[in-house]
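Overview (structure and organization)
The chain contents come next:
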Amino acid sequence: MERKRVLITGAAGFLGSHLCDRFIKEGYHVIGMDNLITGDLANIEHLFKLENFEFYNHDVSKFVHVPGELDYILHFASPASPIDYLKIPIQTLKVGSLGIHNLLGLARVKKARIIIASTSEVYGDPNVNPQPEEYWGNVNPVGPRGVYDEAKRFQEAMTMAYHTFHGVETRIVRIFNTYGPRMRLNDGRVLPAFIGQALRGEDLTVFGDGTQTRSFCYVDDLVEGIYRLLMSDYAYPVNIGNPDEITIGQFAEEIIKLTGTTQKVIYKPLPQDDPKQRRPDITKAKELLGWEPKVNRAEGLKITYEYFKSLSKEQLEKIEHKDFSNYNKK
């Protein structure tokens, strides 16, 4: 029996690589695509020896060609950390606009179902907590985070247009804070930042007064939610995340306890437009997909900490992920 074929963009990234693993496990032929601007081949090198995995080093903001049949497309290509998208704002906007246009066109030609990675950032700095899918958000389109927020909002609008106008089978997942092995230690997000600081013997940096909240979902739970949504018949956005909310101040204390470090917490000013609250309303995911997170934070953090502890000293000390200067000439 011929394997079903799936294209995963952003395949060498944190989420993309875990999705590659899941679809390989489910028996698919997986085509990974990534321009490696923020991704890392180390995340998927274990798949290269497999017959049912192939990889293309390609920027989806340019024309995308995949020979042969395609059953599913997962568009997960995008810088996802504030440090990245503030350094490569144009590329962030392009992958959410030109990139989605190319992939929706490919889905239409191949008659493939496509799921796009949207984000809780479409809600901006929310006035409603928790955030249901019906909430339209509080986003500053010209603020520093606008390049990411608006790229994702445009991506949703373009996806719905292809669904309603061309009849393309589309799915939209709004992803909330996710963590687990293969996160980049220096990507600017709070969890790897705290663990990295703890492992390096540095003080933990909290931006703002520490009362802002986040909700952390373990990566295996998220991948399960994405898989179920892709296989469902629901075309509108669905939140996938863990509604267990915690303040950043409390979270810093959890990391100190987990790592057994003796450093103190220091406070710095909150960046512009940084959301004060982030918590998903997952009623739809429960009702439509029978999904809810299974891995509690203590368990997930333990696994993630073990992963970060296994990194080399060189990886641990590496503060700057990449030099983006070549990309910024484009």
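Going by what an unreviewed UniProt entry lists, the protein is known as UDP-glucuronate decarboxylase and is assigned to Pseudopedobacter beijingensis. Regarding the protein, the relevant UniProt record gives this comment under Pathway (unreviewed entry): "Nucleotide-sugar biosynthesis; UDP-alpha-D-xylose biosynthesis; UDP-alpha-D-xylose from UDP-alpha-D-glucuronate: step 1/1." According to its UniProt record, the protein has this under Cofactor (unreviewed entry): "NAD(+)".

1. Focus on the overall build of the protein
Looking only at helices and strands, one finds ten helices and 13 strands in the protein. Relative to the 2.2 N^0.38 estimate, which gives 20 Å for 330 residues, the radius of gyration of the protein is 19 Å and therefore close to what a compact globule would have. Projected onto the principal axes, the alpha-carbon positions of the protein cover approximately 55 × 45 × 45 Å. In the protein, which comprises 330 residues, the share counted as buried stands at 56%. Within the protein, counting contacts between residues at least 6 apart in sequence, those at least 24 apart form 81% of the total. Mean positive and mean negative side-chain charge positions of the protein (41 and 43 charges, respectively) differ by 2 Å.

2. Digging into the packing of aromatic side chains
Evaluated as defined, the whole model comprises 14 aromatic pairs. Considering the side-chain rings of tyrosine 179 and phenylalanine 216, the 6.4 Å spacing of their centres and the 85° angle between planes classify their relative orientation as edge-to-face. Within this pair, whereas tyrosine 179 is found in strand β7 (residues 178-179), its partner phenylalanine 216 is found in the loop between β9 (213-215) and β10 (217-218), the two being separated by 37 residues in sequence. Under the relative-accessibility criterion, tyrosine 179 is labelled buried at 1%.

3. Looking at the pairing of strand β2 (residues 29-34)
Buried residues dominate β2, accounting for six of its six residues. Relative to β2, strand β1 (residues 5-9) runs parallel, the two sharing five bridges. Looking at β2, one finds that valine 6 is bridged to valine 30. The sheet contact formed by β2 and strand β3 (residues 53-57) spans five bridges and is parallel. Following the sheet pairing, glycine 32 is matched in β3 by phenylalanine 55.

4. Considerations on the pattern of salt bridges
Applying the stated criterion across every chain yields a total of 22 salt bridges. With its nearest N and O atoms 2.8 Å apart, the salt bridge here joins aspartate 21 to arginine 182. Of this pair, aspartate 21 sits in helix α1 (residues 14-25) while arginine 182 sits in the loop between β7 and α5 (190-200), and the two are 161 residues apart along the sequence. A salt bridge links glutamate 121 to arginine 145, with the shortest nitrogen-to-oxygen separation between them at 3.2 Å. Of this pair, glutamate 121 sits in the loop between β5 (113-119) and α4 (146-166) while arginine 145 sits in the loop between β5 and α4, and the two are 24 residues apart along the sequence. Comparing glutamate 121 with arginine 145 shows no difference in burial state: the two are buried.

5. Considerations on unusual backbone geometry
Only a minority of non-glycine residues have a phi that is not negative, and only a minority of peptide bonds are not trans. Following asparagine 129, the chain continues into proline 130 via a peptide bond in cis, with omega recorded as -5°. Here the phi dihedral of lysine 111 falls at roughly 55°; this positive angle occurs in a residue that is not glycine. Of note, lysine 111 is situated in the loop between α3 (89-110) and β5. Residue classification places lysine 111 among the exposed residues on the basis of a relative accessible area of 74%. With a phi close to 85°, arginine 182 is a non-glycine residue in the positive phi region. Relative accessible area serves as the criterion here: at 17%, arginine 182 is assigned to the buried category.

6. Overview of the sheet that holds strand β11 (residues 237-240)
On the basis of which strands lie adjacent, the open sheet formed by seven strands has the order β3-β2-β1-β4-β5-β6-β11 and parallel pairing. If you trace the sheet from one side to the other, it starts and ends with β3 and β11, each paired once. Mean inter-strand twist for the sheet, computed between neighbouring axes without regard to direction, equals 20°. Contacting β1, β4 (72-75), β5 and β6 (170-175), α3 crosses the sheet at an angle of about 175° to β4. Of the strands in this sheet, β4, β5, β6 and β11 are in contact with α4, which crosses β5 at around 155°.

7. A short note on the packing of α3 against α4
The interhelical angle for the contact between α3 and α4, taken along N-to-C directions, is 15°, at an axis separation of 8 Å. Here α3 lies roughly parallel to α4, going by the angle between them. Where α3 crosses over α4, the two elements pack in a sense that is right-handed. Residues Pro89, Thr92, Leu93, Val95, Gly96, Ser97, Ile100, His101, Leu104, Gly105 and Arg108 of α3 form the contact with α4, whose participating residues are Val147, Tyr148, Ala151, Phe154, Gln155, Met158, Thr159, Tyr162 and His166. Classifying every residue of the contact of α3 with α4 by side-chain character gives eleven nonpolar, eight polar and one charged.

8. Brief notes about the packing of α5 against helix α7 (residues 248-259)
For any two helices packed against each other, the geometry is given by the interaxial angle and the distance between the axes. Their axes nearest at 10 Å, the elements α5 and α7 cross at an angle of 40°. In terms of their interaxial angle, α5 and α7 are classed as oblique. Judged by the sense of rotation from one axis to the other, the crossing of α5 with α7 is right-handed. Counting all contacts with α5, which are made through Val190, Leu191, Phe194, Ile195 and Ala198, the residues of α7 involved are Ile248, Phe251, Ala252, Ile255 and Thr259. In terms of residue class, the contact of α5 with α7 is made up of nine nonpolar, one polar and no charged.

What counts, and where the lines are drawn
- Residues numbered from 1 in each chain as written.
- Predicted model: local features only at pLDDT ≥ 70, side-chain atom pairs only at ≥ 80, totals over all residues.
- Heavy atoms only, no water.
- UniProt positions renumbered as here; feature names shortened; annotations may be inferred.
- Helix = DSSP H or I, 4+ residues; strand = E, 2+ residues; numbered from the N terminus.
- Rg over C-alpha atoms; globule rule 2.2 N^0.38 Å.
- Buried < 20%, exposed > 50% of the residue type's maximum accessible area, 1.4 Å probe, protein only.
- Contact = heavy atoms within 4.5 Å.
- Lys, Arg positive; Asp, Glu negative; His and termini not counted.
- Charge placed at Lys NZ, Arg CZ, Asp CG, Glu CD.
- Phe/Tyr/Trp six-rings, centres within 6.5 Å; stacked < 30°, edge-to-face > 60°.
- Pairing = 2+ DSSP bridges.
- Salt bridge = Lys/Arg side-chain N within 4 Å of Asp/Glu carboxyl O.
- Axes fitted to C-alpha atoms, helices over the stretch in contact; angles between N-to-C directions.
- Parallel < 35°, antiparallel > 145°, perpendicular 65-115°, else oblique.
- Left-handed = near helix turned anticlockwise from the far one by under 90°.
- Nonpolar A, V, L, I, M, F, W, Y, C, P; charged D, E, K, R; others polar.

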